[in-house]
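Overview (structure and organization)
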Amino acid sequence: KAESEIIRGIVREKGGKIVNRIEESDIVILNTCAVREETELRMLKRIRELSNFDDKRLIITGCLVNVRPYTILKIVPEASLIEPDGIGKIDEVIISGKREIILRKYERDLSRLPVYEGGVIYVVPIETGCLGSCSFCIERVSRGRTVKSYPIDVIVKHVKEAVIKGAKEVFLTGQDLAAYGYDKGIRLTDLLKVILEDVNGNYRIRIGMMEPWLVSKLANDLAKIMQDERIFKYLHLPAQSGDDRILKLMNRKYKVNEYENLVNFLRNRLGELCIVTDIIVGYPGEDEVAFKNTLSFVKKVGFDKVHVARFTLRPFTEAYLLPQIPERLKKQRSRILSEHALKVAYEVNKRYVGKRKITIVERQGKDGGFIARTEEYKPVILEEHVNLGEEVEVVITRATPVSLVGKSAN
């Protein structure tokens, strides 16, 4: 999303106009994802749909460009392909009017970030790439094998402008935020300190996904800086499995007890803390014992939310060549784990009932009402009228497995 906003900013900067309907456009830009097989299939389906607009220039960017260039060009031979690190050159491609192919160069313009265009949330990418080598992940092909971090001064400048203009929530994003600065001799906590020192105002920072093994190296400093009320007490730490044997097969850089110790340390230092994780079910080699270990792990840690994903084949990965678990079994385990995780989350959420919380009103709900966020980034459904971006003290009246329900304390 943030990279799409960078593209929008470049187009506007060069005098272009973003329109809402393809029929009104001269050029169509599609920003793709390749993280999972079903996502790739949706992307390719969309490319086929866009190929019917033969009077439009088509520019395809994002991760799928580096992963499936030949497949894309079979569908749309005249399309320009620009890898995700090449989006800073999208204006040159537009202006040239020619078909361009920019693949696997992994050279990123680290001076361009999204320009704040209004709203409660400002999303800012602070790095791309990671230091891991997971056997299921295609990121080394789509994003390269190195970490590329945006300079602190560039990030702070954009965050400051966004907050001055009205942003109440700042989302720091990247493939692995704990890897921020490894290419520059700095750390994520250095960036957070500068933002908090230099950016005044009533706002909160949400830290994006981080690899647990790198968070362990930051744990002391991170726990200290997250005590600042301007940082959501929220961490997204993908575990991927609750079984040591599977973690080893995945080439993850920690064991189950190390993950649990990290979470316990952070909770002891920060109190109420929202912990979100990702779990892959049906990874090659996952037997019933490993799956049951994962179920036990989810309950023991007490996750606030679990993103459950069935293992899918990704080209150019080690796991692609391993004997696969039947899809039927993967679906069954996915259903069991999802139901289990919701029960765990419900028990966690019930602890909030009766508490008073200071929240930021983030958006309107799909079924009416408003969604506000607590300091732990817990969603609170408010049925009364409130203003977007407003700070509201609420009393939590009810809990569900996925959200809290509250009312104004005034």
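Preceding this paragraph is the structure being described.
Below you will find a few notes about this structure. These numbers come from a predicted model, not from an experiment.

Cut-off values and rules
- Residues numbered from 1 in each chain as written.
- Predicted model: local features only at pLDDT ≥ 70, side-chain atom pairs only at ≥ 80, totals over all residues.
- Heavy atoms only, no water.
- Helix = DSSP H or I, 4+ residues; strand = E, 2+ residues; numbered from the N terminus.
- Rg over C-alpha atoms; globule rule 2.2 N^0.38 Å.
- Buried < 20%, exposed > 50% of the residue type's maximum accessible area, 1.4 Å probe, protein only.
- Contact = heavy atoms within 4.5 Å.
- Areas by Shrake-Rupley, 256 points an atom, 1.4 Å probe, with all protein chains shown as cover.
- Lys, Arg positive; Asp, Glu negative; His and termini not counted.
- Charge placed at Lys NZ, Arg CZ, Asp CG, Glu CD.
- Core = buried A, V, L, I, M, F, W, Y, C linked by side-chain atoms within 4.5 Å.
- Pairing = 2+ DSSP bridges.
- Axes fitted to C-alpha atoms, helices over the stretch in contact; angles between N-to-C directions.

Broken down by element type, the protein chain carries 13 helices and 17 strands. Computed over C-alpha atoms, the radius of gyration of the protein chain comes to 22 Å, within 12% of the 22 Å expected from 2.2 N^0.38 for 410 residues, which places it in the range of a compact globule. In terms of principal-axis extent, the alpha carbons of the protein chain reach across some 60 × 55 × 45 Å. When the 410 residues of the protein chain are sorted by exposure, 54% land in the buried category. Counting only contacts in the protein chain whose residues sit at least 6 apart along the sequence, the fraction spanning at least 24 positions is 70%. Only carbon and sulfur atoms are counted for the fraction: they give 49% of the accessible area of the protein chain, which is about 19200 Å². In the protein chain, 69 positive and 58 negative side-chain charges are present, and the distance between their average locations comes to 3 Å.

Leu 188, Ile 195, Met 210 and Leu 222 are the most contacted members of the largest nonpolar core, which totals 77 residues. Take this core: its biggest share by element is 8 residues, from helix α9 (residues 212-225). Beyond its immediate chain neighbours, meaning those up to four positions away, Ile 195 contacts Ile 155, Val 156, Val 159, Leu 172, Tyr 203 and Ile 205. Grouped together as the second largest cluster of nonpolar side chains are 20 residues, Ile 47, Val 65, Leu 81 and Ile 138 included.

The strand order across the open sheet built from 4 strands is β1-β2-β3-β4, with neighbouring strands paired in parallel fashion. The sheet is open, and its two borders are formed by β1 (27-32) and β4 (101-102), each paired with just one other strand. In this structure, strand β2 (residues 57-62) lies alongside strand β3 (residues 80-82), joined through 3 bridges in parallel fashion. Directly across from Thr 61, in β3, lies its bridge partner Ile 82. Sheet strands touched by helix α2 (residues 37-50): β1 and β2. Its angle to β1, the strand with the most contacts, is close to 170 degrees.

Right, let's get into the environment of Gly 389. Residue position: Gly 389 is located in the loop between β15 (379-382) and β16 (391-399). In the structure, Gly 389 is positioned 17 residues away from Ala 372 in sequence and 8.9 Å away in space, judged by C-alpha atoms.

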